[in-house]
Amino acid sequence: MHYDDTNVFARILRREIPARFLHEDHLCAAFADVAPQAPVHFLVIPKRPIARLADANDTDKAVLGHLLFVAAEVARTLGVAEDGFRVVVNNGARAGQTVFHLHIHVLAGRAMAWPPG
Ligand code: AMP
């Protein structure tokens, strides 16, 4: 799908609106979710303008791997890696995606139910 660079995560990357950053490097950023669904809830996003996971292409493969690696690294830093955490990607409106800049949710600090709703 078309990438709209006025989305909230693009604006966070441009520092037009604030976020509580937990990590940043040349490929990605991680910051706290503004409406946490668990005691720990942060997002890992690529700097590249990718609207949905389904829009990633062949040249994005290394970035996609990096996002997962950083998700675990930040979870370790926050001390929740051993206790357990959940990684979620909502792809498309029907799956619950509301911000159309690819993001990985990382949730931790409570027991998680399965299957997710
Ligand atoms: P999704 O529904 O998968 O697209 O997830 C979007 C997430 O972005 C939700 O969990 C929101 O709470 C979160 N969110 C929206 N605006 C902000 C913001 N300004 N800072 C941090 N997280 C946000």
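**Regarding the overall build of the protein chain**
Item 1. For the protein chain, the helix and strand inventory stands at two helices and five strands.
Item 2. Along the protein chain, from the amino end to the carboxyl end, the secondary structure elements read α-β-β-β-α-β-β.
Item 3. A globule of 117 residues ought to have a C-alpha radius of gyration of about 13 Å, and the protein chain, at 14 Å, matches this closely.
Item 4. The dimensions of the protein chain, computed from C-alpha atoms along their principal axes, are 35 × 30 × 30 Å.

**Thoughts on helix α2 (residues 61-77)**
Item 1. Look at α2: 25 Å from first C-alpha to last across 17 residues, which is about the 24 Å you get at 1.5 Å a residue.
Item 2. The set of residues buried in α2 consists of Val-63, Leu-67, Val-70, Ala-71, Val-74 and Ala-75. The buried residues of α2 occupy one face: seen down the axis, they fall within an arc of 135 degrees. Summarising the geometry of α2, the exposed residues directed more than 90 degrees from the buried face are Lys-61 and Ala-62.
Item 3. Its buried side turned inward, α2 meets β1 (21-24), β2 (28-32), β3 (40-46), β4 (85-88) and β5 (104-108).
Item 4. One or two positions beyond α2, positive phi appears at Gly-79, with a value near 80 degrees.

**Structural notes on the sheet that holds β2**
Item 1. If you trace the five strands from one edge of the open sheet to the other, you get β1-β2-β3-β5-β4, paired in antiparallel fashion. Across the chains shown, the open sheet's two edge strands, defined by having one partner strand only, are β1 and β4. Taken over all neighbouring pairs, the strand axes of this sheet differ in orientation by 15 degrees on average, direction set aside.
Item 2. Two elements, β2 and β3, share five bridges in a ladder whose sense is antiparallel. Each residue of the ladder has a partner; that of Ala-30, found in β3, is Val-44.
Item 3. Strands in contact with α2 are β1, β2, β3, β4 and β5; relative to β3, the strand with the most contacts, it is inclined by about 155 degrees.

**Re the environment of Ala-75**
Item 1. Mapped onto the elements, Ala-75 comes out in helix α2.
Item 2. Measuring from C-alpha to C-alpha, the distance between Ala-75 and Ala-35 comes to 18 Å, with 40 residues separating the pair along the chain.
Item 3. Once you skip the residues sitting within four places of it in the chain, Ala-75 turns out to touch Phe-42, Val-80, Ala-81 and Phe-85.

**Let's talk about the pairing of β2**
Item 1. The buried count for β2 comes to five of five residues, which makes it a mostly enclosed element.
Item 2. On β2, burial covers both faces: Cys-28, Ala-30 and Ala-32 on one face and Ala-29 and Phe-31 on the other are all buried.
Item 3. Two strands pair when backbone bridges link them, and β1 and β2 are joined in this way by three bridges, in the antiparallel orientation. Each bridged residue has a counterpart across the sheet, and for His-23 the counterpart in β2 is Ala-30.

**A look at the side chain of Asp-25**
Item 1. Tracing the chain through its elements places Asp-25 in the loop between β1 and β2.
Item 2. At 6.1 Å, Lys-47 is the nearest oppositely charged side chain to Asp-25, a buried residue that forms no salt bridge.
Item 3. One polar contact links the side chain of Asp-25 to the main-chain amide nitrogen of Cys-28, over a distance of 2.9 Å.
Item 4. Sequence-distant contacts of Asp-25, that is, excluding residues within four places in its chain, are made with Lys-47, His-66 and Val-70.

What counts and how
- Residues numbered from 1 in each chain as written.
- Predicted model: local features only at pLDDT ≥ 70, side-chain atom pairs only at ≥ 80, totals over all residues.
- Heavy atoms only, no water.
- Helix = DSSP H or I, 4+ residues; strand = E, 2+ residues; numbered from the N terminus.
- Rg over C-alpha atoms; globule rule 2.2 N^0.38 Å.
- Expected span 1.5 Å × (residues − 1).
- Buried < 20%, exposed > 50% of the residue type's maximum accessible area, 1.4 Å probe, protein only.
- Arc of directions from axis to C-beta.
- Contact = heavy atoms within 4.5 Å.
- Pairing = 2+ DSSP bridges.
- Axes fitted to C-alpha atoms, helices over the stretch in contact; angles between N-to-C directions.
- Lys, Arg positive; Asp, Glu negative; His and termini not counted.
- Salt bridge = Lys/Arg side-chain N within 4 Å of Asp/Glu carboxyl O.
- Polar contact = N/O pair within 3.5 Å; in protein donor to acceptor, adjacent residues only side chain to side chain.

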